[in-house]
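# Residue-level structure breakdown
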Amino acid sequence: MTFTINPIAFVKNSRKEIEDDHWGSIISEIELAEEFNEEALSGISDFSHLEIIFYFDKVTDEMIQYNARHPRNNIHYPKVGIFAQRGKNRPNKLGLTSVELLKHSGRILTVKGLDAIDGTPIIDIKPIMKEFLPKSEIKQAEWSKALMEKYW
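Since the model is a prediction, treat every value here as computed from it, not as a measurement.

Evaluation of the coordinates by the stated rule reveals two aromatic pairs. With a centroid separation of 5.2 Å and 75° between ring planes, the pair formed by phenylalanine 54 and phenylalanine 56 is classed as edge-to-face. A single burial state applies to phenylalanine 54 and to phenylalanine 56, both of which are buried. Between the aromatic rings of tyrosine 77 and tryptophan 143, the centroid separation amounts to 6.0 Å while the plane-to-plane angle is 45°, which identifies the pairing as tilted. Here tyrosine 77, found in the loop between β3 (49-55) and β4 (94-105), pairs with tryptophan 143, found in helix α1 (residues 142-147); they are 66 residues apart in sequence, far enough to count as distant. Relative accessible area serves as the criterion here: at 13%, tyrosine 77 is assigned to the buried category. With relative accessibility at 16%, the residue tryptophan 143 sits in the buried group.

Another aspect to go through is the pattern of salt bridges. One pass over the full model with this rule turns up six salt bridges. A salt bridge links lysine 12 to glutamate 31; the shortest N-O distance between them is 2.7 Å. One end of the pair, lysine 12, is in strand β1 (residues 9-12); the other, glutamate 31, is in strand β2 (residues 27-32), with 19 residues separating them in the sequence. Exposure remark for lysine 12: the relative accessible area of 41% places this residue in the partly exposed category.

Cut-offs applied
Counting restarts for each chain: residues are numbered from 1 in the order of the written sequence. The predicted origin of the model limits local features to residues at a pLDDT of at least 70 and limits the giving and counting of side-chain atom pairs to 80 or more, whereas totals for whole chains, interfaces and linings rest on all residues. Just so you know, side-chain values use all the structure's heavy atoms and leave hydrogens and water out. Here a Phe, Tyr or Trp ring, Trp counted by its six-membered ring, pairs with any other such ring whose centre lies within 6.5 Å, and the pair is stacked when the planes are under 30 degrees apart, edge-to-face when over 60, and tilted otherwise. Any residue under 20% of the maximum accessible area for its type is buried, any over 50% is exposed, and the rest in between are partly exposed; the area is computed with a 1.4 Å probe on protein chains only. Helix and strand definitions here come from DSSP, where helices need a minimum of 4 consecutive H or I residues and strands a minimum of 2 consecutive E residues; each element is numbered from the N-terminal end. Any Lys or Arg side-chain nitrogen found within 4 Å of a carboxyl oxygen on Asp or Glu counts as a salt bridge.

See below:
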């Protein structure tokens, strides 16, 4: 099965190149695509945080990972499958990040902490609601804690 997804918005920010770390201070604007009017964002200011689903459009098909690998190609991390990490070289090239909503003005959202470079297509925007967050304690691999030390 195949299907087509069209971008609903695009990222505008100072990051022009793909980088692994220091995303926490990045301020981005998310501007709706021309076919959407500002009513699509009506009520979004009632939420402090959003989930942003985006497309890694700079990842070429040759870069896609299907097997286990060392995250960031660091041999000090264990080999894990692409679905056990959050790398960009995913089969469907989708990214997901929770961001802080700083401002909403018309067709533009200003957010903090989006780890997507300038021009990245946005696939969807969802408000974060406590009821959708995990109810139990979150467990994660030790290597991932080290990998994330400088990410935000």
